[in-house]
Amino acid sequence: MSLNAAVELSKNRAILFGLGFVSGLALWQLSEHWDNTALPPWLLLALLSFIGSYSSVALALCGPVSVLRALGGALVLSVPFTALTSLAGRRYELATGILDQPVPISVSILVLLLATPFQIVGLQNRPAWRSYTALFEAAWALTIRYLSAWVFVGLFWVLMFLSDALLSLVEVKVIDWITDEEWLVFGLTGGVLGLAMAVVFELRAAVSPFLLLRLLRLLVLPVLAVVAVFLIAIPLRGLSQLFGDFSAAATLMSVAMVMITLIAVVLERDDARMRESVTISISTQYLAVLLPFVTGLAAWSIWLRISDYGWTPDRVLAACVCAVLLSYGVLYPLAVLRRTGWEERIRRVNVSLALVTIAISAALLTPLLNPDKIAASSQVQRYLDGRLSLDKFPIAQLEHDWGRAGQEALKALEDSPESQSPELIRRLQDFRSADNRWAFERGVTSEKLEGLKAELVEKLPMFPEGETLNIEDLEGLEQYDLSLWLTGCDLPVSNGRPGCVLIIDQFDLNSDRQGMLLYRNSHDALTVKTRFLTFATQGLALSKEAQVLAGQARPRLNTMAIEQIFSGEYSVGPSSLRALHVGGREITTRP
């Protein structure tokens, strides 16, 4: 390496170290004044957005372009980013309240992540800002740079703490002084991050995403197999257990994102870089063809959830994400089914949908698409038309979590002549008089708990005939358990009776009155779950898991067990403990 080249490398390292150090100091200074009432919250939010976005983008641009162009180019993203987050902050009484909301935070970060590769390519070659080859290289190189740099920052601080432990043995407190000074911790973290970014870029030929991409290619076949098995199993198991659970939608969307990522990885930046493998190529095409089934199921699951429970900010975000995934699910198989040139068509789709995702994410930070307003309007309307009970009406979320839109919707509801019910007025009074939202929600939870107990006492069939259950008998049981049991009761068995039953007997000697509860599993309605209940133990009921035995095996119960109990085909008799015998199986408490 020539002297001039060495000097240039040292200069670049010093510049990025200095940029990171100054950025860290700026963030430290901001944190020091965060509780300063003299500074308006909107200014604090704007400063945090600008400093965070500008330093992150500037560090990403330094290297691919010259330092001066990088410092100027970072403004092109950080200024509109700051404007968007400031605009979104206006939704809340205190602008900094946006930092407690996961939806605007996640979409704002997404805007920055997706826009940065476009900015890198545009500064390198403006006419080629939509070139998939250049964008692919920039995005993956940036990913490796930042991951490697943050790993190095972590190692740096591990070494610092280890050094401090070593020097403390000889009573040298230099490093202890460094770690005690917050401004120095912030500055060094930023400086070391900048230095690592500079070094990783210098070694870009060695530290490239090539290895990571090759490893990810190996996952195409296993993911294809798992998705195929899942789709084949759906007709066999039925759709009833797949939909309605929001976690199912999240899982399906996550799998769709993995499929899209793997397809992009296999296609590389262009045909010349694609590794010729018939197995991987065919598997990738099948993965693209199966994508609409996964995205379609995710969309259906989200829609069912929304139709049952209405909009919330999280569901607005999920619907937007799913809309983009549906676009991938439509365009990918169309590209593949047209055969020749399918790889290039998918690359063009990736660029276009990345821009669409940036636009949708930006819209979510503007009044054009306000998740809080959509959610507040939906929940209030559902309450007014009777689809949402007062117990489930999200008063605390409207007042505290959904910004000005939630507060305005709650105020409009309070003033509306259509909603002047004594129950709502009492609930709102309780809310206003509570010390805080947590105290109010504890009161609501207690009220719900009593309601669940009364409902269970009314619905739960009991054997032997003549046995009864009082609300007081259920004192001490958790709301989660009661809800599960009631859900099981509401899933009738084939003879039309409730999907739950309680057998009262003395199954062990710890209490005079105990019960074995069987109820349908809400997550797999073909199976039955069991609990062992002990009543009036120091004034409280206790619930613990029961075990099902059949010889040496521990099989799962199905709904036939409940039907047999209703038909009187059961007995209570000895095991190692006293056990319920039904359908050739024993159900007993765990010792």
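Residues numbered from 1 in each chain as written. Predicted model: local features only at pLDDT ≥ 70, side-chain atom pairs only at ≥ 80, totals over all residues. Heavy atoms only, no water.

(A) Main features of the state of the cysteines. Per the counting criterion, the structure on display carries one disulfide. Free cysteine: Cys 320, not disulfide-bonded; nearest cysteine sulfur from Cys 322 at 10 Å. (Disulfide = S-S within 2.5 Å.)

(B) A look at the pattern of salt bridges. Applying the stated criterion to the full structure yields twelve salt bridges. A salt bridge links Glu 202 to Arg 13; the nearest nitrogen and oxygen atoms lie 2.7 Å apart. Taken together, the residues span a long stretch of sequence, with Glu 202 in helix α7 (residues 182-202) and Arg 13 in helix α1 (residues 3-32) at a distance of 189 residues. According to the relative accessible area criterion, Glu 202 is partly exposed, its value standing at 23%. (Salt bridge = Lys/Arg side-chain N within 4 Å of Asp/Glu carboxyl O. Helix = DSSP H or I, 4+ residues; strand = E, 2+ residues; numbered from the N terminus. Buried < 20%, exposed > 50% of the residue type's maximum accessible area, 1.4 Å probe, protein only.)

(C) Layout of the packing of aromatic side chains. Taken as a whole, this structure holds twelve aromatic pairs when the rule is applied. Considering the side-chain rings of Phe 50 and Tyr 54, the 5.5 Å spacing of their centres and the 15 degrees angle between planes classify their relative orientation as stacked. You can see Phe 50 and its partner Tyr 54 sitting in helix α2 (residues 41-61), four residues apart, about one turn around the helix. Taking 6.2 Å as the distance between ring centres and 40 degrees as the angle between the ring planes, the aromatic pair formed by Trp 157 and Phe 161 counts as tilted. Separated by four residues within a single helix, Trp 157 and Phe 161 lie in helix α5 (residues 132-168), roughly one turn from each other. A relative accessible area of 12% means that Trp 157 is categorised as buried. Here the guanidinium or amino end of Arg 130 rests over the ring plane of Trp 129, the centre of that ring lying 5.9 Å away. Its end group placed over the ring of Phe 201, Arg 204 keeps NZ or CZ at 4.1 Å from the ring centre. (Phe/Tyr/Trp six-rings, centres within 6.5 Å; stacked < 30°, edge-to-face > 60°. Lys NZ or Arg CZ within 6 Å of the ring centre and 35° of its normal.)

(D) Quick look at a nonpolar patch on the surface. A cluster of nonpolar side chains, contributed by Leu 166, Leu 169, Val 170, Val 172 and Val 174, occupies part of the molecular surface with about 490 Å² of accessible area. As for its position among the elements, Leu 166 is in helix α5. Leu 166 gets classed as exposed once you look at its relative accessible area, which sits at 56%. (Patch = residues over 30% accessible without salt bridge, like charges linked within 9 Å, V, L, I, M, F, W, Y side chains within 5 Å. Areas by Shrake-Rupley, 256 points an atom, 1.4 Å probe, with all protein chains shown as cover.)

(E) Inspection of the nonpolar core at higher detail. Grouped together as the largest cluster of nonpolar side chains are 89 residues, with contacts concentrated most on Leu 61, Met 259, Leu 287, Tyr 332 and Ile 346. The residues that make up this core include at least three from each of domain 1 (3-207) and domain 2 (217-365). Apart from residues lying up to four places away in sequence, Ile 346 is in contact with Ile 263, Leu 267, Tyr 332, Ala 335 and Val 336. Ranked by size, the runner-up nonpolar core spans 21 residues in total, among them Leu 449, Met 462, Tyr 519 and Leu 533. (Core = buried A, V, L, I, M, F, W, Y, C linked by side-chain atoms within 4.5 Å. Domains from an automatic or database assignment. Contact = heavy atoms within 4.5 Å.)

(F) Geometry of the environment of Val 265. Relative to the helices and strands, Val 265 is located in helix α10 (residues 246-267). With 19 residues separating them in the primary sequence, Val 265 and Thr 284 have C-alpha atoms 9.9 Å apart. Once residues within four sequence positions are removed from consideration, Val 265 is found in contact with Trp 140, Leu 213, Leu 216 and Arg 217.

(G) Looking closely at the domain arrangement of the protein chain. Under the domain assignment used here, the protein chain contains domain 1 (3-207), domain 2 (217-365), domain 3 (371-433) and domain 4 (461-571 + 578-587). A C-alpha centroid distance of 57 Å is found between domain 1 and domain 4.

(H) Up close: the packing of α2 against α5. Following both chains from N to C, one finds α2 and α5 inclined at 115 degrees, their axes separated by 10 Å at the closest point. By the angle class used here, α2 and α5 are roughly perpendicular. When you trace α2 past α5, the crossing you get is right-handed. Along its contact with α2, which presents Ser 55, Ser 56, Leu 59 and Ala 60, the element α5 presents Leu 142, Arg 145 and Tyr 146. Of the residues belonging to the contact of α2 with α5, the class tally is four nonpolar, two polar and one charged. (Axes fitted to C-alpha atoms, helices over the stretch in contact; angles between N-to-C directions. Parallel < 35°, antiparallel > 145°, perpendicular 65-115°, else oblique. Left-handed = near helix turned anticlockwise from the far one by under 90°. Nonpolar A, V, L, I, M, F, W, Y, C, P; charged D, E, K, R; others polar.)

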